[in-house]
Amino acid sequence: MTAERSPVVRRVVAGLVAAAVVVPLVLLWQTSRAPGRFSVTETGAFERGSGPRTATLEGHAGHGGGNAATATSVDALVAPTGPADVALTLTARAERVELAPGVTTDAYTVNGTTPGPTVRAVQGDLVEVTFVNESVPGGATLHWHGMDVPNAADGVAGVTQDAVSVGGSHTYRFVADDAGTYWYHSHQVSHEQVRKGLLGAVVVAPADDAPTAGGPEVARLLDDAVDVPALVHRYGARRTVQGTTGDLPVAVPPGTAARVRVINTDNGVLPVWVGGAGFRLLAVDGTDVHDPPEVRDRAVVVPAGGRADLLVVAPADGAAARVELGGSSAVVVGPDGATSSPTRRPTATLDLLTYGTPAPLGLDPAAPDRSFDYVIGRAPGFLDGKPGMHWTVNGHTYPDVPMFEVARGDVVRMRIDNRSGTPHPMHLHGHHVVVLSRDGVAASGSPWWTDSLEVADGEVYDVAFVADNPGIWMDHCHNLPHATEGLVAHLMYTGVTTPYLLGHDSGNVPE
Ligand SMILES: [Cu+2]
């Protein structure tokens, strides 16, 4: 009897074991699928951090950002009314462009070129940009990377606006509060639209009376300096500077300086170094470095999305200095016709943790109102129904990634801890963070304010910022395919809501 039943029992047991494996997997698969339409404030895993301010939120409903009576829509977080100082229209198109004689590619252009026109303003200007999508399929937006614009102008499809469909338009208004180097790019299907060139530079000149953080010698050099935007972008395997392959000559007399505004629009780091002269790193991500010393034979590693302004003086002997951009392009600074040859990348790297001299931060990181962890990992599981190894933020996969909740005025500390096996350039919208330490070593140079911070695998950065720009802000990896794979979180101010939706059926795909 027993001998006859045992195969049945074995089959039943095998079936139960299989079910015990399969049923949870099916459930995991099912629950991982993102809804067709959802609000970013409904799916996020709310975190209030630790610190004195978290107590004031007890009893607050969390999801949805507060009750309707006190809620503020992202649409209400706008620039002041009044006439614009700088007004322009930027029109996006899908078209074929010529990268070099006989070399063409499918691209997205802005006003007929890629990169699009450089948007120029003076600190304090009210800027108004009318964005028109003439022919970019699937919709497009403009995000003002590194500019702490009002939330309504942040350009994130599904969070601060709907993607602008073909034939539509959208107006962005913001005050250019901070002088510096920035860029604009689409934040709809950004991993594709940025790669195909829907982008351009932004240069905000200092107000006439603004002091320079560089000291008197730098101020003197800047008086006659030539201003050179150097937006670096790869179209396929071809690296370009301001849309041109090869070297970009900048004609200046010997002894005259150029301010080269390097903008890295690609997904990986861009090493920059100078051959034939020393240089000063004047600014990082739009913020002046305090007392930048002249250095030689050091590479500056610019993270994806980051900017580095280099002050380079043309050599007195009439030769040219070369600002090498990754090794395949250069900005050549010297008299007309001066020759130069490519130089090798120096082995040493300029460390921003120690470069320049300290200055007041304007916040007290020792007494934060709130502290958060941003732990980047990688784990097996399902992401929107797809099995694989997926990025995690504090153990969650997209769209259940953290929604870091703050209140206006909070001094916020965040510990970015990368345990994922891969470097990530982390980009917080709407704010600049100051680096406090790396791997427990305190910053000792100029305040290192950044919006695009390269965090290598195994590194831990402590950063701080003041929550002074209400809204709902992406805080994500700017290696854009990683963002597509879910390496995204958000910073949200208590009481802010959004009427916009994400998801397959919403038409909004910010990454
Ligand atoms: Cu990444």
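Rules and cut-offs
Residues numbered from 1 in each chain as written. Predicted model: local features only at pLDDT ≥ 70, side-chain atom pairs only at ≥ 80, totals over all residues. Heavy atoms only, no water. Donors = N, O, S within 2.8 Å, 3.2 Å for Na, K, Ca; no water. Helix = DSSP H or I, 4+ residues; strand = E, 2+ residues; numbered from the N terminus. Buried < 20%, exposed > 50% of the residue type's maximum accessible area, 1.4 Å probe, protein only. Pairing = 2+ DSSP bridges. Axes fitted to C-alpha atoms, helices over the stretch in contact; angles between N-to-C directions. Core = buried A, V, L, I, M, F, W, Y, C linked by side-chain atoms within 4.5 Å. Domains from an automatic or database assignment. Contact = heavy atoms within 4.5 Å. Buried area = accessible area lost by both parts, 1.4 Å probe. Salt bridge = Lys/Arg side-chain N within 4 Å of Asp/Glu carboxyl O. Polar contact = N/O pair within 3.5 Å; in protein donor to acceptor, adjacent residues only side chain to side chain. Phe/Tyr/Trp six-rings, centres within 6.5 Å; stacked < 30°, edge-to-face > 60°.

S.K.: How should the coordination of the copper ion be read in this particular structure?
M.R.: Coordination of the copper ion by the protein comes from His424 (ND1), Cys477 (SG) and His482 (ND1), over a distance range of 1.9 to 2.1 Å. On the primary sequence, the residues serving as donors to the copper ion are separated as H-x52-C-x4-H. Taken together, the positions of His424 in strand β26 (residues 424-428) and Cys477 in strand β32 (residues 472-477) put the pair 53 residues apart, joining distant regions of the chain. On the basis of relative accessible area, His424 is assigned to the buried category, the value being 0%. Judged by its relative accessible area of 0%, Cys477 falls in the buried class.

S.K.: Whenever I open this one, the sheet that holds strand β30 (residues 452-455) confuses me. Can you help?
M.R.: As summarised here, the arrangement of the six strands in space is β1-β24-β33-β32-β26-β30, forming an open sheet in which the pairing is mixed. The open sheet has two edge strands with one neighbour each: β1 (45-47) and β30. Adjacent strand axes in the sheet meet at a mean angle of 25 degrees, parallel and antiparallel pairs treated alike. Relative to strand β33 (residues 488-493), β32 runs antiparallel, the two sharing five bridges. Following the sheet pairing, Trp473 is matched in β33 by Leu491.

S.K.: Would you explain the nonpolar core in this entry?
M.R.: Soluble, globular proteins show a tendency: their nonpolar side chains are buried together. Counting residues in hydrophobic clusters, the biggest one holds 80 residues, and the most contacted among them are Leu281, Leu310, Val323, Val331 and Tyr374. The leading source of residues in this core is β33, at five residues. Three or more residues apiece are contributed to this core by two domains, here domain 1 (40-77 + 361-497) and domain 3 (216-334). Those residues in contact with Leu310, other than ones at most four positions away along the chain, are Ala258, Arg259, Val260, Val272, Val274, Phe279, Arg280, Leu281 and Val323. Tyr108, Met147, Phe174 and Val202 belong to the second largest nonpolar core, which has 26 residues in total.

S.K.: Mind showing me how you'd approach the sheet that holds strand β5 (residues 119-122) here?
M.R.: Within a sheet, adjacent strands bond to each other through the backbone by hydrogen bonds, running parallel or antiparallel. Strand order in the open sheet formed by four strands is β5-β10-β9-β7, with mixed pairing between adjacent strands. Of all the strands in the sheet, just β5 and β7 (143-145) have a single pairing partner and so form its edges. Pairwise comparison of adjacent strand axes, ignoring direction, gives a mean angle of 25 degrees for this sheet.

S.K.: Looking at this model, I keep getting lost on the domain arrangement of the chain. Mind explaining?
M.R.: It is common to report an interface's size as the accessible area lost on association of the parts. As assigned here, the chain comprises domain 1 (40-77 + 361-497), domain 2 (86-205) and domain 3 (216-334). Here domain 1 and domain 2 have C-alpha centroids that lie 25 Å from each other. Buried surface at the junction of domain 1 and domain 2, summed over both partners, amounts to about 1500 Å²; 57% is from carbon and sulfur atoms. Connecting domain 1 to domain 2 are zero salt bridges. Applying the counting rule to domain 1 against domain 2 returns 15 residue pairs in polar contact (both at pLDDT 80 or more). The set of elements that each furnish at least two residues to the side of domain 1 that touches domain 2 consists of β32 and α5 (480-484).

S.K.: Even after reading the chapter, I still don't get the environment of Val12, so can you show me in this structure?
M.R.: Take Val12: it is sitting in helix α1 (residues 2-32). Relative accessible area serves as the criterion here: at 48%, Val12 is assigned to the partly exposed category. Between the alpha carbons of Val12 and Asp154 there is a distance of 58 Å; along the sequence they are 142 residues apart.

S.K.: Please clarify how the packing of aromatic side chains should be interpreted in this entry.
M.R.: Pairs of aromatic rings are described using the distance from one ring centre to the other and the angle between the two planes. Under the definition given, this model contains six aromatic pairs. With centroids separated by 6.0 Å and ring planes inclined at 85 degrees, the aromatic side chains of Trp448 and Tyr461 adopt a geometry described as edge-to-face. Here the residue Trp448 occupies a position in the loop between β28 (441-442) and β29 (449-450), and Tyr461 occupies one in strand β31 (residues 460-466), the gap between them amounting to 13 residues. Across the pair, Tyr461 and Trp448 agree in class, each one buried.

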